[in-house]
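Spelled out, the chains give:
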Amino acid sequence: MTDAIATADDPARETAAAPSHRGDLFSKFDALIAEREALLDTGVRDPFGLVMEKVHSPTLATVKGKETILLGTYNYMGMTFDPDVIQAGKDALDAYGSGTTGSRVLNGTYQGHKECEEALKDFYGTAHAMVFSTGYQANLGLMSTIAGKEDYIILDADSHASIYDGCAMGNAQIVRFRHNSVDDLEKRLKRLPAEGGRLVVLEGVYSMLGDIAPLADMVRVAKEAGAMVVVDEAHGMGFFGPNGRGVFEEAGVEDQVDFVVGTFSKSVGTVGGFVVSNHPKFEVLRLVCRPYVFTASLPPSVVATAATSIRKLKFAGNKRAHLWENSKRLHQGLRDLGFTLATPEAQSAIIAVLLPDQDMTVRMWQALLEAGVYVNMARPPATPAGTYLLRCSLCAEHSSEQVGQILGMFEAAGKATGYLS
Amino acid sequence: MTDRDQTFDKVAKLIEPFNKKGVKLGETTSFAGDLEWDSLIVMDFVASVEDEFDILITMNMQAEIETVGQLVDAVERLRNEG
Ligand SMILES: Cc1ncc(COP(=O)(O)O)c(C=O)c1O
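Procedures and definitions
Residues numbered from 1 in each chain as written. Chains lettered and ligands numbered in written order. Predicted model: local features only at pLDDT ≥ 70, side-chain atom pairs only at ≥ 80, totals over all residues. Heavy atoms only, no water. pLDDT = per-residue confidence, 0-100. Contact = heavy atoms within 4.5 Å. Domains from an automatic or database assignment. Buried area = accessible area lost by both parts, 1.4 Å probe. Salt bridge = Lys/Arg side-chain N within 4 Å of Asp/Glu carboxyl O. Polar contact = N/O pair within 3.5 Å; in protein donor to acceptor, adjacent residues only side chain to side chain. Core = buried A, V, L, I, M, F, W, Y, C linked by side-chain atoms within 4.5 Å. Buried < 20%, exposed > 50% of the residue type's maximum accessible area, 1.4 Å probe, protein only. Helix = DSSP H or I, 4+ residues; strand = E, 2+ residues; numbered from the N terminus. Axes fitted to C-alpha atoms, helices over the stretch in contact; angles between N-to-C directions. Parallel < 35°, antiparallel > 145°, perpendicular 65-115°, else oblique. Left-handed = near helix turned anticlockwise from the far one by under 90°. Pairing = 2+ DSSP bridges.

(A) Structural view of the confidence of the model for chain A. Overall, the predicted model of chain A reaches an average pLDDT of 94, with 95% of residues at or above 70. Per-residue pLDDT stays below 50 along residues 1–14 of chain A; that stretch engages in three contacts with residues further than four places along the chain or on separate chains.

In structure tokens, the structure reads:
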């Protein structure tokens with residue numbers, strides 16, 4: 001078995017086995033394959049091929065036999081090892097089995113899915129909540145379904161791939177505005193024709209640079225233009241606002257946001273996605289949203305862990321305070337060391353370090369990993385404006401001592417690579 | 001000079017800051033092929049065209065526009081509609 005797996009994964013074998021045919025459809029990827037090979041030929045480890053051998057806690061794993069601090073997981077609130085969350089998952093496995101083998105609209109809605117939606121309604125104080133199998137699918141579903149051919153979706157240029165893909169899947173007219181520019185949004189809203197519905201799509205936290213949106217102003221201009229507003233709080237949930245609902249709560253625009261999209265894959269600590277809303281006709285989406293209807297629902301253990309985690313997040317004020325402390329300290333510490341950061345101060349739990357090019361970014365990434373800390377590497381086209389980034393995301397469970405260790409490792413890696421003098 | 005010629009000249013001026021290789025512009029100059037623009041440059045450039053002419057060029061329309069001439073035609077059409 002082991003041998004078979006090793007062979008199947010061996011890229012050399014895949015090449016050798018490539019069948020002959022007219023026009024290889026894969027030739028469009030040749031440039032990317034060559035770039036990747038050139039990079040790996042320089043002797044660095046593959047930044048996109050890392051394996052976590054053991055995971056000890058939300059902040060610690062074993063990678064290539066080495067104990068490694070996790071600083072790139074979006075596990076903001078550290079719920080993945082919460083004892084209550086784990087127990088809820090185990091109980092659900094015993095009571096309901098390992099999977100639903102069905103769509104939410106057929107045999108795939110269990111008691112646990114309903115309870116998870118209740119937990120969301122309670123957390124967000126909304127009348128409706130709809131759980132999807134991932135946040136990606138929640139965005140696909142919402143964007144592609146509610147805006148039709150005559151309608152306009154107005155979105156930030158730096159929107160997440162799932163928002164763009166949802167737009168591409170639907171038939172609406174798509175208009176982009178410059179990232180986080182209230183002016184640019186307002187100008188474009190004014191140019192829209194009088195007919196047709198309008199949906200403005202915003203995110204609380206933009207995950208590449210860790211900057212937050214000026215939601216108070218953006219929501220105001222959107223509403224003045226008669227648009228519906230959706231805010232994706234994937235990276236804001238758990239952390240922002242008195243109840244941890246997200247940046248829109250902190251900005252005081254809760255009563256004006258029509259839909260909030262979110263994910264269970266970050267602060268909630270499992271997998272899944274959702275949309276919450278007070279729209280009186282919201283429930284009809286369960287019938288018309290294809291990414292909800294034509295896929296299997298989440299396993300019972302997953303919705304049980306999500307519901308338990310969400311209930312606890314509401315009262316996690318102390319954790320939120322510690323996460324802010326960690327984020328501010330890392331930001332200040334990295335600046336003091338001489339690194340260039342994407343935001344002037346810590347705006348979220350994502351701290352993005354800007355580096356000049358791919359070579360330096362990969363070498364820094366590797367030096368950090370060898371020192372014992374894992375961060376996310378990001379490069380175009382995922383990043384805005386062609387930037388190369390090392391993205392750090394803090395966790396409420398990082399101890400102050402760990403943040404100190406992380407800063408030490410950044411200093412050592414910066415010197416080893418010659419980035420810091 | 002016709003209205004279309006004027007629009008062509010204005011569009012050419014807006015292309016200039018993004019025309020790093022100094023490609024000579026004509027009706028059939030293509031954004032992806034000749035100017036070698038990536039999606040980020042396209043975003044910036046489209047925003048500047050929209051602001052210059054006070055129009056909206058949706059992503060749906062952008063997908064159909066490959067050359068400078070096609071863009072000038074689209075701008076003319078949108079201005080007359082607006
Ligand atoms: C802004 C944003 N929206 C949606 C998603 C998708 O979430 P999920 O991981 O649940 O598919 C992500 C995360 O990848 C995200 O960053």
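(B) Quick look at the domain arrangement of chain A. All names here are of chain A. For chain A, the assigned domains read domain 1 (40–77 + 316–417) and domain 2 (81–313). In this complex, domain 1 contributes 26 residues to the contact, which on the side of domain 2 involves 21 residues. Summed over both partners, the interface of domain 1 with domain 2 comes to about 2000 Å²; 63% of that surface belongs to carbon and sulfur atoms. Along the contact surface separating domain 1 from domain 2 lie zero salt bridges. Across the domain 1-domain 2 interface, the total number found is seven residue pairs in polar contact (both at pLDDT 80 or more).

(C) Expanded view of the nonpolar core. Residues and elements named next belong to chain A. Of all hydrophobic cores here, the largest spans 94 residues; its most connected members are Leu120, Phe264, Leu330 and Phe410. Here the element with the most residues in this core is helix H15 (residues 358–371); it accounts for seven residues. Both domains that meet at this core, namely domain 1 (40–77 + 316–417) and domain 2 (81–313), each give it at least three residues. The contacts of Leu330, once residues within four sequence positions are left out, are Leu71, Ile351, Cys392, Leu394, Val403, Ile406 and Leu407. Counting residues in each nonpolar core, the second largest holds 26 residues, with Leu142, Leu199, Phe259 and Val275 among its members.

(D) Representation of the packing of helix H4 (residues 83–96) of chain A against helix H13 (residues 300–313) of chain A. Residues and elements named next belong to chain A. H13 packs onto H4 with a crossing angle of 150° between their chain directions and a minimal axis gap of 8 Å. It follows from the interaxial angle that H4 and H13 lie roughly antiparallel. Judged by the twist between their axes, the crossing of H4 over H13 is right-handed. Judged by residue contacts, Asp84, Val85, Ala88, Gly89, Ala92, Leu93 and Tyr96 of H4 engage Pro300, Ser301, Ala304, Thr305, Thr308, Ser309 and Lys312 from H13.

(E) Summary view of the pattern of salt bridges. Residue and element names in this part refer to chain A. As enumerated under the stated definition, the model contains 30 salt bridges over all chains in all. For Lys312, the salt bridge is made with Asp82, and the minimal N-O distance between the two is 2.9 Å. In this pair, Lys312 sits in helix H13 while Asp82 sits in the loop between strand S3 (66–70) and H4, placing the two residues 230 residues apart along the sequence. By relative accessible area, Lys312 is classed as partly exposed at 31%. Its salt-bridge partner being Lys223, residue Asp258 comes within 2.7 Å of it at the nearest N-O pair.

(F) Looking closely at the interface of chain B and chain A. At the junction of the two partners, chain B supplies 15 residues and chain A supplies 19 residues. Summing both partners gives a buried area of about 1300 Å² for chain B against chain A, and 53% of it is carried by carbon and sulfur. Ranking the residues of chain B by area buried against chain A places Met43(B), Leu56(B) and Met59(B) at the top, with a combined share of 42%. Taken together, the connections running from chain B to chain A amount to six salt bridges.

(G) Fine view of the pairing of strand S2 (residues 60–63) of chain A. All names here are of chain A. As defined by bridge partners, strand S1 (residues 54–57) adjoins S2 across three bridges and the pair is classed as antiparallel. Of the residues in S2, the one forming a bridge with Ser57 is Leu60. Here S1 folds back onto S2, and the loop between the two strands holds two residues. The sheet contact formed by S2 and S3 spans four bridges and is antiparallel. When the bridges of S3 are listed, Val63 appears paired with Lys66. Adjacent in sequence and paired antiparallel, S2 and S3 are bridged by two residues, among which Lys64 carries a positive phi angle near 50°.

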